[in-house]
Amino acid sequence: YKRPILNQGNTNYCHVNAPVGTVMTRKVVMDGSTPDLSPASVGGPVTNYRNVGGWGGPALKRIAEKGIYESKDWPVNYWQSNKYMSEEGSERALLNRISDWFETEEGNFLQLASLVVDDVPCVIGVPNWGHEVEVTQILSLPGGKFGVYGPNSWGQYNDDGGFYQATENYIRGFDCYGTVTVLP
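So, a few notes on the structure that sits alongside this text. This one's a predicted model, so the numbers in the text were calculated from it and none came from an experiment.

The rules behind each value
- Per chain, residue numbering runs from 1 following the sequence as it is written.
- Totals for whole chains, interfaces and linings use all residues, but because this is a predicted model, local features are given only for residues with pLDDT of at least 70 and pairs of side-chain atoms are given and counted only at 80 or more.
- Note that the side-chain values use all heavy atoms of the structure and ignore hydrogens as well as water.
- The definition of a nonpolar core used throughout is a set of buried Ala, Val, Leu, Ile, Met, Phe, Trp, Tyr and Cys residues joined through side-chain atoms within 4.5 Å.
- The buried label applies to any residue whose accessible area, calculated with a 1.4 Å probe on protein chains only, is under 20% of its type's maximum; exposed applies above 50%, and partly exposed to all values in between.
- Under the scheme used here, helices are H or I runs from DSSP no shorter than 4 residues and strands are E runs no shorter than 2 residues, and both carry numbers assigned from the N terminus.
- The contact criterion used is simple: two residues touch if any of their non-hydrogen atoms lie within 4.5 Å.
- Working definition: the arc comes from the directions between the helix axis and the C-beta atoms, pointing outward to the latter.
- Any N or O atom pair separated by 3.5 Å or less is treated as a polar contact, with the protein-specific requirement of one donor-capable and one acceptor-capable atom, and with residues adjacent in sequence counted only for side-chain atom pairs.
- When DSSP locates at least two bridges between a pair of strands, those strands are taken to pair.
- To obtain an axis, a line is fitted to C-alpha atoms, over the contacting stretch when the element is a helix, and the angle between two such axes runs from 0 to 180 degrees between their N-to-C directions.
- Put simply, a salt bridge is a Lys or Arg side-chain nitrogen that is within 4 Å of an Asp or Glu carboxyl oxygen.

With that settled, consider the nonpolar core. Of all hydrophobic cores here, the largest spans 17 residues; its most connected members are L112, I124, V135, V148 and I171. With 5 residues, helix 5 (residues 109–117) is the single largest residue contributor to this core. Setting aside anything within four residues of it in sequence, one finds V148 in contact with F109, L112, I124, V135, Q137, I138, L139, Y164, Q165, A166 and I171.

Here it is, written out as structure tokens:
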């Protein structure tokens, strides 16, 4: 699906960029829209306006409750304070919410693969990497092995046009959330 590749810049917000990316992916699948969303509008409040890492669950909860600001209302990587929080921006953010998500058992590749093949973009935290990424495709690799593929949050000029791939063995022990339904 064609949508912008997020770039977390100098933030530690991979745990926010990946869930925001799944919302963008779901919107493309649902109606072809490609909203320009601000991960910092989720990450700032989730981290109490600190530039720290985390995992996708708290970001998904915030997205479900408050939505995601558009970048025209809140700069993409401005996490330092709530200075961009506004009534108008908050109203538009509600158009970028999720109503439900699915959490798999830790490291359960079959559950992850089942969601992805059903067009449910997922967020995984990869212990070996210390990084949170989206999974939008399951790869069949030589020797009967499998892997994952999806957008990374390091911008379109890193890796393979902003995408990564990793083997099932490499992501062992991952946590996973699938973004099932996006509102409205």
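So, on to helix 5. Along helix 5, the positions that sit buried rather than exposed are F109, L112, A113, L115 and V116. Along the axis of helix 5, the buried residues cluster in a sector spanning 160 degrees; they form a single face. Exposed side of helix 5, more than 90 degrees from the buried face: L110 and V117 are the residues found there. The elements touched by buried residues of helix 5 are strand 1 (97–103), strand 2 (122–126), strand 3 (131–135), strand 4 (137–141), strand 5 (145–151) and strand 7 (175–183). Of the residues that open helix 5, the one with a side-chain oxygen 3.2 Å from the backbone nitrogen of L110 is N108. Remark: D119 follows helix 5 within two positions and exhibits a positive phi of approximately 65 degrees.

On to the sheet that holds strand 3. Strand pairing in a sheet relies on backbone hydrogen bonds. The paired strands run either parallel or antiparallel. Strand order in this open sheet of 4 strands is 1-7-2-3, and the pairing throughout is antiparallel. Of all the strands in the sheet, just strand 1 and strand 3 have a single pairing partner and so form its edges. In this sheet, neighbouring strand axes are inclined to one another by 30 degrees on average, regardless of whether the strands run parallel or antiparallel. Strand direction decides the pairing type here: strand 2 and strand 7, joined by 4 bridges, are antiparallel. Across the sheet, residue I124 finds its bridge partner in strand 7, namely C176.

Any two side chains of opposite charge can pair, given that their charged atoms come close. Summed over the entire model, instances satisfying the criterion amount to 3 salt bridges. A salt bridge links R92 to D73; its shortest N-O distance comes to 2.8 Å. Taken together, the residues R92 in helix 4 (residues 87–93) and D73 in the loop between helix 3 (56–66) and helix 4 connect sequence positions 19 residues apart.

Turning our attention to the side chain of S38. As for its placement among the helices and strands, S38 is situated in the loop between helix 1 (14–31) and helix 2 (40–46). Leave out the neighbours within four places in its chain, and S38 touches I68, Y69, E70, S71, W74, P75 and V76.

Attention now moves to unusual backbone geometry. Negative phi is the rule for most residues except glycine; trans is the rule for most peptide bonds. Within the chain, N48 stands out as a residue other than glycine whose phi angle is a positive 60 degrees. N48 gets classed as exposed once you look at its relative accessible area, which sits at 58%.

Quick look at the pairing of strand 3 now. In terms of burial, strand 3 is a largely internal element, 5 of the 5 residues being buried. Burial along strand 3 is two-sided: the face carrying H131, V133 and V135 and the face carrying E132 and E134 are both buried. Where strand 2 lies against strand 3, 5 bridges are found, and the strand directions are antiparallel. By the bridge assignment for strand 3, V123 is matched with E134. The turn joining strand 2 and strand 3, which pair antiparallel and follow one another in sequence, is formed by 4 residues; a positive phi near 65 degrees is taken by G130.

Let's shift gears to the sheet that holds strand 5. Taken in spatial order, the 3 strands of this open sheet run 4-5-6, and their pairing is antiparallel. Bordering the open sheet on either side are strand 4 and strand 6 (163–167), each of which pairs with just one other strand. Sheet twist, expressed as the mean angle between neighbouring strand axes with direction ignored, is 30 degrees. The strands touched by helix 5 within the sheet are strand 4 and strand 5, with strand 4 carrying the most contacts at an inclination of about 120 degrees.

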